[in-house]
Amino acid sequence: MNVSGSWWKTAAVFGFLAIAGLALAACGNDDAEDGDEVNEVTVVASDLLAFEPSEVRVSAGERVRLVLDNSDSHDLHDLVIHHIPVEDVHEEGAEDAGHDDHADHDLHVAAHGGETGTVEFTPTEPGEYEFICTEPGHEASGMTGVLIVE
Ligand SMILES: [Cu+2]
């Protein structure tokens, strides 16, 4: 009986490990699929003081990677949305530059001339959100656009 009992315990342990392994593998697949769902959009900033495109469409609840392409410019430009409901904002670029007030915006990305910056975020509510460049005079010269969250 002892030998038999030991065999069943061993089998039970291996069975548990197999199920745990399958569960981990399933989780890993989910992560990979989430990564594929990032919606990358590029907005080109130019020294002509315009964004191209000036209208960007994304989906509520979907991860967005917004690339501010300033590679053909000489000046620093940024892209700021003062008020937009967003989650999990992660910015890479000229983070310490190009905005008038850190506390006064929900979304910001900046890039020095010849560089690009990116900001990842998840918009949570449909709506139309104006974005601007906060460098002095740029917004007044028409460096504005709209992010449409559907
Ligand atoms: Cu600008």
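So, how was this worked out
Sequence positions are assigned chain by chain, starting from 1 and proceeding in written order. Local features are withheld for residues below a pLDDT of 70 in this predicted model, meaning they are given only at 70 or higher, and side-chain atom pairs are given and counted only at 80 or more; totals for whole chains, interfaces and linings count all residues. The side-chain numbers reported here are obtained from all heavy atoms of the structure, hydrogens and water having been left aside. Excluding water, the donors of a metal are its N, O and S neighbours within 2.8 Å, or within 3.2 Å for Na, K and Ca, and that exclusion means sites may look incomplete. A four-donor site is classed as tetrahedral when every donor-metal-donor angle falls between 85 and 135 degrees; four donors are called square planar, and six octahedral, when trans pairs exceed 155 degrees and all remaining angles lie between 65 and 115, with any other arrangement labelled irregular. What counts as a helix is a DSSP run of H or I of at least four residues, what counts as a strand is a run of E of at least two, and both are numbered from the N terminus. Between buried and exposed lies partly exposed: a residue is buried under 20% and exposed over 50% of the maximum accessible area for its type, with that area taken using a 1.4 Å probe on protein chains only. When two rings of Phe, Tyr or Trp (its six-membered ring) have centres within 6.5 Å they constitute a pair, described as stacked for plane angles under 30 degrees, edge-to-face for angles over 60, and tilted for the intermediate range. Note on definitions: a residue-residue contact is assigned when non-hydrogen atoms from the two residues lie within 4.5 Å.

K.L.:
Please clarify how the coordination of the copper ion should be interpreted in this entry.
P.N.:
Put simply, a metal with four donors set out as a tetrahedron has ideal angles of 109.5 degrees, and one with six donors set out as an octahedron has ideal angles of 90 or 180 degrees. Here the copper ion is held by the protein donor atoms His77 (ND1), Cys133 (SG), His138 (ND1) and Met143 (SD), which lie 2.0 to 2.6 Å from it. One way to put it: the four donor atoms around the copper ion meet at angles of 95 to 134 degrees, and that makes the site tetrahedral. Linear spacing of the donor residues for the copper ion on their chain is H-x55-C-x4-H-x4-M. Taken together, the residues span a long stretch of sequence, with His77 in strand E5 (residues 77-81) and Cys133 in the loop between strand E9 (127-132) and strand E10 (144-149) at a distance of 56 residues. For His77, a relative accessible area of 0% translates into the label buried.

K.L.:
Looking at this model, I keep getting lost on the packing of aromatic side chains. Mind explaining?
P.N.:
A ring pair, where both rings are aromatic, is described by two values, the distance of the centres and the angle of the planes. Under the definition given, this model contains one aromatic pair. Aromatic side chains Phe51 and Phe131 sit 5.2 Å apart centroid to centroid with 75 degrees between the ring planes, which places their arrangement in the edge-to-face category. Note that Phe51 is positioned in strand E2 (residues 50-52) and Phe131 in strand E9, a separation of 80 residues in sequence. Per residue, the accessibility class of Phe51 equals that of Phe131, and both read buried.

K.L.:
Where do I start with the environment of Phe131 in this structure?
P.N.:
You can call Phe131 buried: its relative accessible area is 2%. Separated by 14 residues in the primary sequence, Phe131 and Gly145 place their C-alpha atoms 5.2 Å from one another. If we skip the residues at most four places from it in the chain, Phe131 touches Phe51, Pro53, Ser54, Val56, Leu79, Val80, Ile81, Met143, Thr144, Gly145, Val146 and Leu147.

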